[in-house]
Amino acid sequence: MVGYDPEAKCVSTAEAAVAGSASGLVTRVLVSPLDVLKIRFQLQIEQLSSRNPAAKYHGILQAVQCILREEGLTAFWKGHVPAQFLSVGFGAVQFMAFESLTELVHNVTSFNTRDSFVHLVCGGLAACTATVAVQPVDTLRTRFAAQGEPKIYPNLRHAVVTMYQTEGPRTFYRGLTPTLVAIFPYAGLQFFFYNILQQLSKWVIPAEAKNGANVKNLVCGSCAGVISKSLTYPLDVVKKRLQVRGFEHARAAFGQVRTYGGLLDCMRQIMQEEGPGGFFKGLSPSLLKAAFSTGLIFFWYELFCSFLCALKSPESTKRQEG
């Protein structure tokens, strides 16, 4: 179902956008706590270890207890409103662009649109398109998830106005360069490995096993998310560090803060002060999130597409007319 298939095409580009946005919305609600943990870990300068007394967060369980004690349960959904705009918008643009690009490949080239390498390139380009469209919302989401108590931004409107007035419009696109550099291989590899794993799964699950197909989509998506996230994670850390530039005062309660001049300066400082391990801070919750989110994204997307196809089937039309 993912990608243009001339033999089984039943979902239009607009319907792909609807299915993509719906899958993003449902998935975001479920994985938001892991996203908050990941961002907190990525932004911490101190080593993530209980042996470091200056470190606020040591590990996943300790961080969960700390956030619950200091900020309450709702802290795990900080920034959820901009995050939902991000997920819905990104899902809609990404899958709409992916369907359009794979259809374009089918119409103007001799490549097979079901080929994994076609999905690699089209998936990367589709994600870049979606990233440019939703980058301002991603920056807002990061700031909300990063702030402690008392809050610097009480609501979304206040955050937008304050950031625009004090930092200018370019602040909404901070971290765009490492984001684009990271998102092309990350998303491309997601579609690439999802395609490969789907083909391999045909050896295990019979085509007629519909319930098994839903589980297959979830497992294939989860595995694809873990592999792609592991390969591209360092640039995600750099992106998060750059997105909170000018917001350092809100990070004072969490430990040390740094000011970065740009992509290369951020990478240099992380390497000098934190070592290679600094580029993999927050990897554990990030991999958990990647497994859940990517698996659920493909699972819900395939499910919503199947539902839309069923609505257009002759049997469904006859039942509605009857």
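These figures come from a predicted structure and were not determined experimentally.

Calculation rules
- Residues numbered from 1 in each chain as written.
- Predicted model: local features only at pLDDT ≥ 70, side-chain atom pairs only at ≥ 80, totals over all residues.
- Heavy atoms only, no water.
- Core = buried A, V, L, I, M, F, W, Y, C linked by side-chain atoms within 4.5 Å.
- Buried < 20%, exposed > 50% of the residue type's maximum accessible area, 1.4 Å probe, protein only.
- Helix = DSSP H or I, 4+ residues; strand = E, 2+ residues; numbered from the N terminus.
- Domains from an automatic or database assignment.
- Contact = heavy atoms within 4.5 Å.
- Buried area = accessible area lost by both parts, 1.4 Å probe.
- Salt bridge = Lys/Arg side-chain N within 4 Å of Asp/Glu carboxyl O.
- Patch = residues over 30% accessible without salt bridge, like charges linked within 9 Å, V, L, I, M, F, W, Y side chains within 5 Å.
- Areas by Shrake-Rupley, 256 points an atom, 1.4 Å probe, with all protein chains shown as cover.
- Axes fitted to C-alpha atoms, helices over the stretch in contact; angles between N-to-C directions.
- Left-handed = near helix turned anticlockwise from the far one by under 90°.
- Nonpolar A, V, L, I, M, F, W, Y, C, P; charged D, E, K, R; others polar.

## Some words on the nonpolar core
- Among the nonpolar cores identified, the biggest contains 24 residues, and V2, F95, F98, F191, Y194, F298 and Y301 are the most heavily contacted of them.
- At 6 residues, the largest contribution of residues to this core is made by helix α9 (residues 283-312).
- Mapping this core onto the domain boundaries places at least three of its residues in each of domain 1 (11-78 + 276-311) and domain 2 (80-146 + 149-174).
- Filtering out sequence-adjacent residues up to four positions away, Y194 remains in contact with V2, L189, N217, C220, G221, A224, F298 and E302.
- Counting 11 residues, the second largest nonpolar core, distinct from the first, contains F90, V93, A127 and I183.

## Quick word on the domain arrangement of the chain
- Entries for the chain in the domain assignment read domain 1 (11-78 + 276-311) and domain 2 (80-146 + 149-174).
- Between domain 1 and domain 2, the residue contacts involve 22 residues of the former and 20 residues of the latter.
- Both sides of the domain 1 and domain 2 interface together cover about 1,800 Å² of buried area, and 64% of this is carbon and sulfur.
- Between domain 1 and domain 2 we count 0 salt bridges in total.

## Let's talk about the pattern of salt bridges
- Scanning all chains against the criterion turns up 16 salt bridges.
- We note a salt bridge from R268 to D265, for which the minimum N-O separation is 2.5 Å. Placement of both R268 and D265 in helix α8 (residues 263-274) is noted, with a separation of 3 residues, approximately one turn of the helix.
- Owing to a relative accessible area of 41%, R268 belongs among the partly exposed residues under this scheme.
- Here the salt bridges do not stand alone but share partners, grouping R28, D35, K38, D138, K229, D236, K239, K240 and K289 into one network.

## Considerations on a nonpolar patch on the surface
- Taken together, the side chains of L25, V29, L30, L68, L73 and W77 define a hydrophobic patch exposed on the protein surface, amounting to about 540 Å² of accessible area.
- Top contributing element to the nonpolar patch by residue count: helix α1 (residues 13-43), with 3 residues.
- Tracing the backbone shows W77 in the loop between α2 (60-71) and α3 (80-108).

## Quick notes on the packing of helix α6 (residues 176-201) against α9
- Contact geometry for α6 and α9: axes closest at 12 Å, N-to-C directions at 65 degrees. Note that α6 runs across α9; the crossing there is right-handed. Here α6 contributes Y186, Q190, F191, Y194 and Q198 to the contact with α9, which in turn contributes A290, T294, F298 and E302.
- Residue composition of the contact of α6 with α9, by class: 5 nonpolar, 3 polar and 1 charged.

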